[in-house]
Amino acid sequence: MSAKDAPPPLPEPLLVEVADSHTHLDMQSGTVEEALARAAAVGVTTVVQVGCDVKGSQWAAETAAAHPSVHAAVALHPNEAPRIVLGDPDGWSRQGAREAGGDAALDDALAEIDRLAALPHVLGVGETGLDFFRTGPEGMAAQERSFRAHIEIAKRHGKTLVIHDREAHADVLRVLDEEGAPERTVFHCYSGDAEMAEICAAEGYYMSFAGNMTFKNAQPLRDALAVAPLDLVLVETDAPFLTPAPFRGRPNAPYLIPVTVRAMAAVRGIDENAMAEALAVNTARAFDY
Ligand SMILES: [Zn+2]
Ligand SMILES: [Zn+2]
């Protein structure tokens with residue numbers, strides 16, 4: 001393994017314990033216990049494990065049941081729903097190549113998400129939403145139908161809705177408005193600008209910032225963070241993706257949250273303890289734990 005691919009070193013611990021509000025432990029190397037121990041060593045004592053398909057959501061629920069520091073969110077990812085309906089001959093999804101299952105297969109998968117959403121260790125329904133970056137026009141109907149179904153599931157079970165919004169801001173906001181958003185809604189890996197942050201603030205939507213807010217070209221994200229109400233701001237890794245600078249391109253994991261927390265504190269012009277305190281309180285309120 002070259003230094004470029006090596007896991008980044010452990011950052012200085014945070015003095016105030018925080019949560020990683022969105023991670024994918026099942027896509028990271030090493031065991032869950034190792035990941036949780038490394039994270040806890042630097043003050044990241046809670047993680048929200050997010051499922052992206054039926055198997056991943058079942059795994060998230062089981063992992064949360066087995067570890068008090070893990071909470072689960074369950075869903076079909078916005079790019080997963082079209083694959084279920086239309087098929088995935090290339091096997092791009094983690095469940096591998098599959099035949100087109102049509103609307104009935106999507107209904108079956110949603111029924112399993114609904115069952116999992118009722119479990120006590122499952123605090124969130126997501127990640128769901130719209131992704132116009134990876135899903136083309138042929139998949140949009142399935143994607144939007146799945147998004148609407150997840151909103152309904154979240155509301156019926158009183159769980160937090162976790163939104164994945166990639167190049168789909170206006171349509172995500174429109175569908176939320178049409179369906180009526182759940183009491184607690186989180187935009188994971190917030191990717192809007194300052195103007196959208198004002199809209200989210202008015203609706204009471206949480207904005208969760210990931211490691212990409214540290215990237216050189218991410219000034220619009222930092223502008224959004226600067227104007228977002230502090231009590232609606234969360235932090236996440238979305239690991240193994242979006243490793244914060246200066247480790248961009250190397251594997252991400254929950255133990256790197258302090259790097260992003262410090263960058264966020266700098267944008268807000270507050271010290272890292274005040275930033276961490278707000279993030280800890282906000283995440284507990286956002287996921288109702
Ligand atoms: Zn996402
Ligand atoms: Zn994610």
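Each value, and the rule that gives it
- Residues numbered from 1 in each chain as written.
- Chains lettered and ligands numbered in written order.
- Predicted model: local features only at pLDDT ≥ 70, side-chain atom pairs only at ≥ 80, totals over all residues.
- Heavy atoms only, no water.
- Helix = DSSP H or I, 4+ residues; strand = E, 2+ residues; numbered from the N terminus.
- Rg over C-alpha atoms; globule rule 2.2 N^0.38 Å.
- Contact = heavy atoms within 4.5 Å.
- Areas by Shrake-Rupley, 256 points an atom, 1.4 Å probe, with all protein chains shown as cover.
- Lys, Arg positive; Asp, Glu negative; His and termini not counted.
- Charge placed at Lys NZ, Arg CZ, Asp CG, Glu CD.
- Patch = residues over 30% accessible without salt bridge, like charges linked within 9 Å, V, L, I, M, F, W, Y side chains within 5 Å.
- Salt bridge = Lys/Arg side-chain N within 4 Å of Asp/Glu carboxyl O.
- Buried < 20%, exposed > 50% of the residue type's maximum accessible area, 1.4 Å probe, protein only.
- Donors = N, O, S within 2.8 Å, 3.2 Å for Na, K, Ca; no water.
- Pairing = 2+ DSSP bridges.
- Axes fitted to C-alpha atoms, helices over the stretch in contact; angles between N-to-C directions.
- Phe/Tyr/Trp six-rings, centres within 6.5 Å; stacked < 30°, edge-to-face > 60°.
- Lys NZ or Arg CZ within 6 Å of the ring centre and 35° of its normal.
- Expected span 1.5 Å × (residues − 1).

In the nomenclature of an unreviewed UniProt entry, the protein is known as AraC family transcriptional regulator of Streptomyces filamentosus.

K.L.:
Got a minute to help me understand the overall build of the protein in this structure?
P.N.:
Per the secondary structure count, the protein includes 10 helices and eight strands. The globule rule puts the C-alpha radius of gyration for 289 residues at 19 Å, and the 18 Å found for the protein is close to it. In terms of its C-alpha atoms, the protein occupies a principal-axis envelope of roughly 50 × 45 × 35 Å. Contacts in the protein between residues at least 24 apart in sequence constitute 72% of all its contacts with a sequence separation of at least 6. Counting only carbon and sulfur atoms, one obtains 54% of the accessible surface of the protein, whose full area is about 11,800 Å². Mean positive and mean negative side-chain charge positions of the protein (23 and 42 charges, respectively) differ by 3 Å.

K.L.:
Where do I start with a negative patch on the surface in this structure?
P.N.:
Taken together, Asp193, Glu195, Glu198 and Asp223 make up a surface patch of like negative charges. Mapped onto the elements of the fold, Asp193 is located in the loop between β6 (185-188) and α7 (194-203). Using a relative accessible area of 36% as the deciding quantity, one classes Asp193 as partly exposed.

K.L.:
What's the story with the coordination of the zinc ion (ligand 2) in this structure? I'm lost.
P.N.:
Reference values for coordination geometry: four tetrahedral donors around a metal ideally subtend 109.5 degrees, six octahedral donors ideally subtend 90 or 180 degrees. Binding of the zinc ion (ligand 2) to the protein goes through His22 (NE2), His24 (NE2), Glu127 (OE) and Asp238 (OD), at separations of 2.1 to 2.4 Å. Binding-site remark: the zinc ion (ligand 2) is held by donors from one chain whose sequence spacing is H-x1-H-x102-E-x110-D. Taking the relative accessible area as the measure of exposure, His24 reaches 1% and is therefore buried.

K.L.:
Could you clarify how one ought to interpret the coordination of the zinc ion (ligand 1) in this entry?
P.N.:
Surrounding the zinc ion (ligand 1) are the protein donor atoms Glu127 (OE), His164 (ND1) and His188 (NE2), at 1.9 to 2.1 Å. For the zinc ion (ligand 1), the donor residues sit on a single chain with the sequence spacing E-x36-H-x23-H. For His188, a relative accessible area of 4% corresponds to the buried category.

K.L.:
I'm lost on the sheet that holds strand β7 (residues 206-209) in this one. Help?
P.N.:
Within a sheet, each strand pairs with its neighbour through backbone hydrogen bonds, oriented either parallel or antiparallel. Judged by pairing direction, the sheet is parallel, and its eight strands sit side by side in the order β1-β2-β3-β4-β5-β6-β7-β8 without closing on themselves. The sheet is open, and its two borders are formed by β1 (18-23) and β8 (233-235), each paired with just one other strand. Direction aside, neighbouring strands of the sheet carry axes that sit 30° apart on average. Running over the sheet, helix α6 (residues 169-179) touches β4 (122-131), β5 (160-166) and β6 and is turned about 150° from β5. Those strands touched by α7 are β5, β6 and β7, and its axis lies near 135° from that of β7.

K.L.:
What am I meant to see in the packing of aromatic side chains here?
P.N.:
Working definition: an aromatic ring pair is given by the centre-to-centre distance plus the angle between the planes. Here the structure, examined in full by the defined rule, presents two aromatic pairs. Judged by centre distance (5.5 Å) and plane angle (50°), the ring pair of Tyr190 and Phe209 falls under tilted. In this pair, Tyr190 is assigned in the loop between β6 and α7 and Phe209 in strand β7, connecting sequence segments 19 residues apart. The class for Phe209 is buried, based on a relative accessible area of 0%. One cation-aromatic arrangement involves Arg166 over Phe133; the distance from NZ or CZ to the ring centre is 3.7 Å.

K.L.:
So what exactly am I meant to see when it comes to helix α4 (residues 102-117) here?
P.N.:
For an α-helix, the turn length of 3.6 residues means that residues three or four places apart are oriented alike. The end-to-end C-alpha distance of α4, which contains 16 residues, comes to 23 Å, matching closely the 22 Å that a straight helix rising 1.5 Å per residue would cover. Looking at the buried positions of α4, the neighbouring elements they touch are α2 (54-66), β3 (70-74), α3 (80-86), β4 and α5 (140-157).

K.L.:
Looking at this structure, how should I read the environment of Glu167?
P.N.:
Secondary-structure assignment places Glu167 in the loop between β5 and α6. Along the backbone, Glu167 and Arg134 are 33 residues apart, and their C-alpha atoms lie at a distance of 9.6 Å. Non-local contacts of Glu167, meaning those with residues more than four positions away in its chain, are made with Phe132 and Phe133.

K.L.:
Looking at this structure, how should I read the side chain of Ser57?
P.N.:
Take Ser57: it is sitting in helix α2. The class for Ser57 is buried, based on a relative accessible area of 0%. If near-sequence neighbours (up to four positions away) are discounted, Ser57 is found in contact with Gly51, Cys52, Val74, Ala75, Ile113 and Leu116.

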